[in-house]
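Next come the chains, spelled out residue by residue.
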Amino acid sequence: MNIAAAKTWGDALFSLPDLFSVAGRTALVTGGATGIGRVCAEALLSAGARVLIASRKAEACEAVAKELSAIGPCEGFGGTVATEQGVTALAEEMRKRTDRLDILVNNAGVNWGAPFETFEWKGWDRVLSVNVTGLFSLTRDLMPLLVKSGSEDRPATIINIGSVMGTITQSESAYSYAASKSAVHHLTRILASEFAGRHVTVNAIAPGPFKTKMTAFTLGKEAGLAAALASVPMRRLGRPEDLAATILYLAGRGGAYTTGAIIPVDGGVSVYAPPPMLSETDP
């Protein structure tokens, strides 16, 4: 609702559901069959969107889409952003399935960990290909659909999944992953600047530690979980609703004036401050 249309300050300026509704919108979530991608897909479905999910494993993606169809219209199919050919095929499949795209969630990503001394070339090649080059290339190929769908009143929405690792200066031996997520954050701001005038918002979410398939190697162990909790000022892991609410804010009418933002959903990790250096109290 246009605020200027309200007769008095006593009149309702908006309805709460309308701020976060994505009813009638069409969304694509890459890597949408598991982890953060699945949370994003389920949130958008719950708020009324038609959601397409794509991932490397077509059969698994189709099975998840069938399950999520109990919430709303969901389609799953095979698709990868790991190669140029994969991006081309994914974009073509999208054009076959829809003539409009209102929401693009670039979630697909990979990680690679190894000690500094033995970190291999392919650890950079693989991670940057998926997390940066693939994300950019798919966005480029689907931008015509997004521009077509966007309007001044209701822009189309791109949400990139970054990471707290792209903000803090700790590698956790995942050098290429941390660098790739920093690149995602910067690319988000660049694209936000370029497409704001064409009614497409571009934002990123930078999650902290969440339990996913990617983090199971450490958060699935007692010692790893304890270390993670100790590093988070709020002393807990992220929960699905933490991500879902952020996705719906950015994709809903309430986020229509927000672009170029990197939103931390990390329990305070990105703003953690070390003990004061010039304290007057004795240690």
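Presented here is a report on the structure given in the accompanying data block.

Cut-offs and rules
- Residues numbered from 1 in each chain as written.
- Predicted model: local features only at pLDDT ≥ 70, side-chain atom pairs only at ≥ 80, totals over all residues.
- Heavy atoms only, no water.
- Axes fitted to C-alpha atoms, helices over the stretch in contact; angles between N-to-C directions.
- Helix = DSSP H or I, 4+ residues; strand = E, 2+ residues; numbered from the N terminus.
- Parallel < 35°, antiparallel > 145°, perpendicular 65-115°, else oblique.
- Left-handed = near helix turned anticlockwise from the far one by under 90°.
- Contact = heavy atoms within 4.5 Å.
- 1 Å grid on protein atoms, 1.4 Å probe; cavity = no way out; pocket = protein on both sides within 12 Å on 5 of 7 lines; lining within 4 Å.
- Points joined across faces, edges and corners; volume = space filled by probe spheres on them.
- Nonpolar A, V, L, I, M, F, W, Y, C, P; charged D, E, K, R; others polar.
- Pairing = 2+ DSSP bridges.
- Buried < 20%, exposed > 50% of the residue type's maximum accessible area, 1.4 Å probe, protein only.
- Expected span 1.5 Å × (residues − 1).
- Patch = residues over 30% accessible without salt bridge, like charges linked within 9 Å, V, L, I, M, F, W, Y side chains within 5 Å.
- Areas by Shrake-Rupley, 256 points an atom, 1.4 Å probe, with all protein chains shown as cover.
- Salt bridge = Lys/Arg side-chain N within 4 Å of Asp/Glu carboxyl O.
- Lys, Arg positive; Asp, Glu negative; His and termini not counted.
- Charge placed at Lys NZ, Arg CZ, Asp CG, Glu CD.

**Here we look at the packing of helix α2 (residues 35–46) against helix α9 (residues 240–251)**
Consideration 1: Following both chains from N to C, one finds α2 and α9 inclined at 55°, their axes separated by 9 Å at the closest point. Between α2 and α9, the angle is such that the two are oblique. α2 and α9 meet at a crossing whose hand is right-handed. Where α2 abuts α9, its residues Ile36, Val39, Cys40, Ala43 and Leu44 lie against Pro240, Leu243, Ala244, Ile247, Leu248 and Ala251.

**Quick notes on empty space enclosed by the protein**
Consideration 1: One pass over the structure, following the stated rule, counts one cavity of 30 Å³ or more.
Consideration 2: If you add up the space inside the largest cavity, you get close to 40 Å³.
Consideration 3: What lines the largest cavity is Arg25, Arg154, Pro155, Thr157, Thr201, Leu250, Ala251, Gly252, Gly255 and Ala256.
Consideration 4: In the lining of the largest cavity, the residues fall into four nonpolar, four polar and two charged.

**A look at the sheet that holds strand β4 (residues 103–106)**
Consideration 1: Spatially, β3-β2-β1-β4-β5-β6-β7 is the arrangement adopted by the seven strands of the open sheet, whose pairing is parallel. The open sheet has two free edges, formed respectively by β3 (74–78) and β7 (262–265), since each of these has just one partner strand. With direction set aside, neighbouring strand axes in the sheet form an average angle of 20°.
Consideration 2: Pairing of strand β6 (residues 200–207) with β7 involves four bridges; the strand directions are parallel. Opposite Pro207, over in β7, you have Val265 as the bridge partner.
Consideration 3: In the packing of helix α6 (residues 175–195) onto the sheet, the strands contacted are β5 (156–161), β6 and β7, and the crossing angle to β6 comes to about 160°.
Consideration 4: Along the sheet, α9 makes contact with β4, β5, β6 and β7, crossing β6 at roughly 165°.

**Topic: the environment of Thr88**
Consideration 1: Along the chain, Thr88 falls in helix α4 (residues 84–97).
Consideration 2: Looking at Thr88, the relative accessible area reads 43%, which means it is partly exposed.
Consideration 3: Sequence-wise, Thr88 and Leu138 are 50 residues apart; in three dimensions their C-alpha atoms are separated by 7.7 Å.

**Side note on α2**
Consideration 1: Here α2 contains twelve residues, and its C-alpha end-to-end distance of 17 Å stays within 8% of the 16 Å for a straight helix at 1.5 Å per residue.
Consideration 2: Along α2, the residues that are buried comprise Ile36, Gly37, Val39, Cys40, Ala41, Ala43, Leu44 and Leu45.
Consideration 3: The first or second residue beyond α2 is Gly48, which carries a positive phi of 105°.

**Here's the deal with a positive patch on the surface**
Consideration 1: A grouping of Arg56, Lys57, Arg126 and Lys213 is seen on the molecular surface, where their side chains present a positively charged patch.
Consideration 2: Locating Arg56 in the fold gives a position in the loop between β2 (50–55) and α3 (58–68).

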